[in-house]
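# Coordinates in review
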Amino acid sequence: MSLVIEGISKSFGVVQALDDVSFAVEPGRIFGLLGANGAGKTTCMRIVLDILRADAGRVTWQGKLNTDLPRDTWGYLPEERGLYTRMKVMEVLRFFAELYGVSEADATREVEDWLERFRIPEYRDRKVEELSKGNQQKIQFIAAILHDPDVLIMDEPFTGLDPVNVQLLKEAFLEMRDRGKTLIFSTHQMETVEELCEAIAIIDRGRVVVDGALRDVKRAMGRQVVRLATDGDGHGVEWIDGLDGISITARRADFVELRVPSGTDPQLVLTAALQRGEHVTRFEIGEPSLEEIFIEHVGRPAADEEERHLAASSRGDGKEAPR
Amino acid sequence: MMDLFPNAWTIARREFTQRVRTKTFLIVTLVLALVGLGFGLLPVIGKLIIGDQVTTIAVHSDDAELQSSTVAALRLILNASDEGATYDITAADDAAAAEAQVRSGDLDGLLTVTRGADDELSFDALTDAGPTDQRLFAVRQAATQVNIGDRLQRAGVDPAEAGSIFAPTEFGVTRTNPESPNIEEDFGANYVMAYALVILTFMAVITYGTWVASSVAEEKSSRVMELLITAASPRQLLAGKVLGTGAAGLLQYVAVAGAAVVGFLLQGLLATALFGEGGSTGLENLDLSVLLPWGIFFVGGFMLYAILYAGLGSMASRQEDIQQVTGPMIFVGMGGYFAAFVAMSMPDAGWAKILSVIPFFSPYMLPMRMLLSNVAPWEWTLGALLMVLFLAGALWLAARVYSAGVLLYGQRANLRSAWRAVRVAR
């Protein structure tokens, strides 16, 4: 039985944050919730967690309404990180564990285990405020899983982490999945989703524009991508634009990316190139990337350059709060 | 109610230990305890400072006989009270010299007495005493007495008999309720006690209420809130916060009140040591039996205010907003405070009786009325019952504000938005 979100809508005053959102998450999987800032990801998560109530629709996990489920069903990593910064790491984590009814001995053992895994065992008795942002985020992750929740909900878990810590967190995700947990996380970093998620939902302005298994989503696009390189080094490839609906989507340093609509045989490109006497050094047929799928459905990238820069450099109050 | 625990307890314990452990708490408590000790010793200190103050007044009259009789009379009247202040009254034959002395500050005042054409005495004081100076009142009253004595003498009353005319009237009071605390000899002490309890209640409500509100706002601005509300229910969070902060506040209060009591106890010894026997300050008759009922209503009232403070605090995203959003609570708290003061002179007025069972005011009114009048058992019962009801209602209301408020950032924090939160909350 899975986590089922059925037709939830929520508005804050005149702002419609979610409009008839439905999707399902299979248990034991990692699920990606994609969307630009303000698309409604956080509101959706808060409704699943029952810290906000939807105006319409319902959420069930294993057939039970989320409003009837015990709190320890869920583990939550909010987008806005926050801990009691003047308390020691172990104290803070024990406190949250105690709220979920975890015994002190169990909590201590688990915390030590995870600190070891995250390679920060020496921070056990340090105050949270003495830790770097990245390390605080690891503590926050531990706080979300100490009570062994069935479903782990994480809002932008990778934002603000350096590559080493991103890798550690990815490993932790896989570890949790191997323990049979269900993981849902939101992001606008497509590469991470391609790497981790088996299924996704893309939300745009409060609506689900596409959802399902990643493979199916890609196939459903009904088109293919051709990467082509010739001795011409990307010069003089304008002739391609004239072919049956095929268009150039990107010019890279040593190849061009072409979009081939469904119903057109990608081989056509190769034939045409050879007929023109081009010397083909690379010809590759692939599925569209998630980034392309996102742009196709939403009409713009998940994060523009400025947003990425902001997300990486600061963790301020960038997120629009619901009104 | 049972689902509040154990989470409320966990939250309360964290709140208490984190607060009590800080240096600020320790220093503030120590300073306040010193103030409390000083307050307890105030009567002795006051006596020590103003006890040996002597007011020098010269009396002048062109009529030598009138001058000397006025001096004698004023000496007697002004030094009759045992308030400690003493008056040194001298005769001044040379008015101009005395006037110069007053102007140079060697004398506190010059009182000129003249007998007019109609034989009436008139007094004229030369002094730099301000309009609120108690000594000026005392001299004025004494002058009136001298004048009345003079009129009686002119009317042919024997000066020896004149004394008995001013003797106080015998006036006995028999109370229908023999248990009444309103016995004249205890009254002064009870009055002091009533004042003290009303002020203590007010300070606790405002100070610790603000603690609770800012603690909630801090959790909100540090964003730890979102984690908290997934781990515990708003009612558990509110109750825990109020209990934890309340316990820390109570600890501070006990330390301060304890120091004040030690001061009170010490002052008897000190007064005897400094002023010899009879250095009493009149506070030995304090009725301590009021402390238990006051304690109960104090704790109830504190929790009522604190719960609402916590709810309102959740509307504030920043520390600056707290003042604005908790304004109405301070207003209500002050209302109870002033109502209790006004009611001290009419503890059995209808409005005072009504207010004293209403939970926002009962912690002020009931103990005050118990000290200065009688509180019927049904009033206690009704007051306690309403308190419990209001506490449950406040917890429900505040939890609704809280569950919506903690997720709202960057909007105006006021009562209207709080009310909107109540309506949209889950």
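Note that the structure is a prediction, hence the values are computed from the model and not measured.

Scoring rules and cut-offs
Residues numbered from 1 in each chain as written. Chains lettered and ligands numbered in written order. Predicted model: local features only at pLDDT ≥ 70, side-chain atom pairs only at ≥ 80, totals over all residues. Helix = DSSP H or I, 4+ residues; strand = E, 2+ residues; numbered from the N terminus. Buried ≥ 20, exposed ≤ 12 C-beta atoms within 10 Å, placed from the backbone. Contact = placed C-beta atoms within 7 Å. Core = buried A, V, L, I, M, F, W, Y, C linked by C-beta atoms within 7 Å. Pairing = 2+ DSSP bridges. Axes fitted to C-alpha atoms, helices over the stretch in contact; angles between N-to-C directions. Nonpolar A, V, L, I, M, F, W, Y, C, P; charged D, E, K, R; others polar. Expected span 1.5 Å × (residues − 1). Parallel < 35°, antiparallel > 145°, perpendicular 65-115°, else oblique. Left-handed = near helix turned anticlockwise from the far one by under 90°. pLDDT = per-residue confidence, 0-100.

This part takes up the overall build of chain B. Of the regular secondary structure elements, chain B holds 16 helices and four strands. Counting across all 426 residues of chain B, residues that qualify as buried make up 38%. Counting contacts in chain B only where the partners sit at least 6 residues apart, residues at least 24 apart contribute 76% of the total.

So, on to the overall build of chain A. Within chain A, the regular secondary structure consists of ten helices and 14 strands. In terms of its C-alpha atoms, chain A occupies a principal-axis envelope of roughly 75 × 45 × 35 Å. Expressed as a percentage of the 323 residues in chain A, the buried residues total 38%.

Among the nonpolar cores identified, the biggest contains 158 residues, and Leu 93 and Phe 96 of chain A together with Ile 307 and Ala 310 of chain B are the most heavily contacted of them. Broken down by element, the residue count for this core peaks at 13 residues, all from helix α11 (residues 291–313) of chain B. Setting aside chain neighbours within four positions, we find Leu 93 of chain A in contact with Ala 107, Val 111, Ile 139, Ile 142, Ala 143 and Leu 146 of chain A. Core analysis: the next-biggest nonpolar cluster, separate from the first, contains 21 residues, Val 59, Val 71, Val 102 and Ala 143 of chain B among them.

Residue and element names in this part refer to chain A. Across the sheet, which stays open at both edges, the four strands sit in the order β12-β13-β11-β14 with antiparallel pairing between neighbours. With partners counted over all chains shown, the strands left at the sheet margins are β12 (247–251) and β14 (280–286), one partner each. Taken over all neighbouring pairs, the strand axes of this sheet differ in orientation by 25° on average, direction set aside. The sheet contact formed by strand β11 (residues 224–230) and strand β13 (residues 256–260) spans five bridges and is antiparallel. Pairing of Leu 228 across the sheet is with Val 256, part of β13. Together, β11, β13 and β14 form the strand contacts of helix α8 (residues 267–275), whose direction differs from that of β14 by roughly 165°.

What follows deals with unusual backbone geometry. Residue and element names in this part refer to chain A. Phi at Asp 20 takes a positive value of approximately 55°, unusual for a residue other than glycine. Summarising the element assignment, Asp 20 is placed in strand β2 (residues 15–25). A count of 14 C-beta atoms within 10 Å places Asp 20 in the partly exposed class. Phi at Asp 148 takes a positive value of approximately 55°, unusual for a residue other than glycine. Tracing the backbone shows Asp 148 in the loop between α4 (133–145) and β7 (151–155).

Once that is clear, we can look at the interface of chain B and chain A. Facing 20 residues of chain B, the contacting portion of chain A comprises 24 residues. When contributions to the side of chain B that touches chain A are tallied by element, the ones reaching two or more residues are α1 (7–20) and α9 (225–231) of chain B. At six residues, α9 of chain B tops the list of elements feeding residues into the side of chain B that touches chain A. Classifying every residue of the side of chain B that touches chain A by side-chain character gives nine nonpolar, seven polar and four charged.

Residues and elements named next belong to chain B. The mixed open sheet is built from four strands, whose spatial order is β2-β1-β3-β4. For this open sheet the edge positions go to β2 (86–91) and β4 (121–127), each flanked by a neighbour on one side alone. The average angle at which neighbouring strand axes cross in this sheet is 25°, direction not considered. Contacting β1 (54–61), β3 (109–115) and β4, helix α5 (residues 95–104) runs over the sheet at an angle of about 145° to β3.

Next up on the list: α11 of chain B. Between its first and last C-alpha atoms α11 of chain B spans 31 Å; for 23 residues at 1.5 Å apiece the expected length is 33 Å, and the two agree. The buried fraction of α11 of chain B is high, at 17 of 23 residues.

Moving on, we get to the packing of helix α12 (residues 319–343) of chain B against helix α14 (residues 362–372) of chain B. Residue and element names in this part refer to chain B. Interaxial distance between α12 and α14 falls to 9 Å at its minimum, and their mutual angle equals 20°. By the angle class used here, α12 and α14 are roughly parallel. Viewed along their axes, α12 and α14 form a crossing whose handedness is right-handed. Each of Gly 336, Tyr 337, Ala 339, Ala 340 and Ala 343 in α12 lies in contact with α14, whose residues at this interface are Tyr 364, Met 365 and Met 368. Looking at side-chain class alone, the contact of α12 with α14 contains seven nonpolar, one polar and no charged residues.

All names here are of chain B. Looking at chain B, pLDDT values average 81 and 85% of them are 70 or higher. Taken element by element, the predicted model of chain B shows its lowest mean pLDDT in helix α16 (residues 415–424) (66) and its highest in α1 (92). Reported confidence for the predicted complex is 0.77 by ipTM and 0.74 by pTM.

Now for the pairing of strand β8 (residues 182–187) of chain A. Residue and element names in this part refer to chain A. Most of β8 sits out of view: six of its six residues are buried. Burial along β8 is two-sided: the residues Thr 182, Ile 184 and Ser 186 and Leu 183, Phe 185 and Thr 187 are all buried. In this structure, strand β3 (residues 30–34) lies alongside β8, joined through five bridges in parallel fashion. Looking at β8, one finds that Gly 32 is bridged to Phe 185. Taken together, the five bridges between β7 and β8 define a ladder with parallel strand orientation. Note that in β8 the partner of Asp 155 across the bridge is Ser 186.

As a further point, take the environment of Asp 19 of chain A. All names here are of chain A. Examined against the element boundaries, Asp 19 turns out to sit in strand β2. Distance from Asp 19 to Gly 57, taken between C-alpha atoms, is 9.9 Å for residues 38 residues apart in sequence. Ignoring any residue separated from it by four or fewer positions in sequence, one finds Asp 19 in contact with Ser 9, Gly 206 and Arg 207.

Residues and elements named next belong to chain A. It is the contact of helix α2 (residues 89–99) with α4, at a shortest axis distance of 9 Å, that shows an interaxial angle of 25°. As the angle between them shows, α2 and α4 are arranged roughly parallel. Where α2 crosses over α4, the handedness of that crossing is right-handed. Together, Val 89, Leu 93 and Phe 96 of α2 and Ile 139, Ile 142 and Ala 143 of α4 make up the contact between the two elements.

The next thing to look at is the environment of Tyr 305 of chain B. All names here are of chain B. Its location among the elements puts Tyr 305 in helix α11. For the pair Tyr 305 and Pro 359, spaced 54 residues apart in the sequence, the C-alpha separation amounts to 9.7 Å. Apart from residues no more than four positions distant in its own chain, Tyr 305 is found in contact with Val 205, Gly 209, Met 329 and Gly 333.

Turning our attention to the environment of Gln 67 of chain B. All names here are of chain B. Checked against the element boundaries, Gln 67 lands in helix α4 (residues 64–78). Overall, the presence of 18 C-beta atoms within 10 Å leaves Gln 67 in the partly exposed class. Distance from Gln 67 to Thr 90, taken between C-alpha atoms, is 9.7 Å for residues 23 residues apart in sequence. Discounting residues that sit within four places of it in the chain, Gln 67 has contacts with Val 59, His 60, Ser 61, Ala 91 and Val 113.

Considering every residue of chain A, the mean pLDDT works out to 84; 91% of them sit at 70 or more. Of the regions scoring below 50 in pLDDT, residues 311–323 of chain A engages in 21 contacts with residues more than four places distant in sequence or in other chains.

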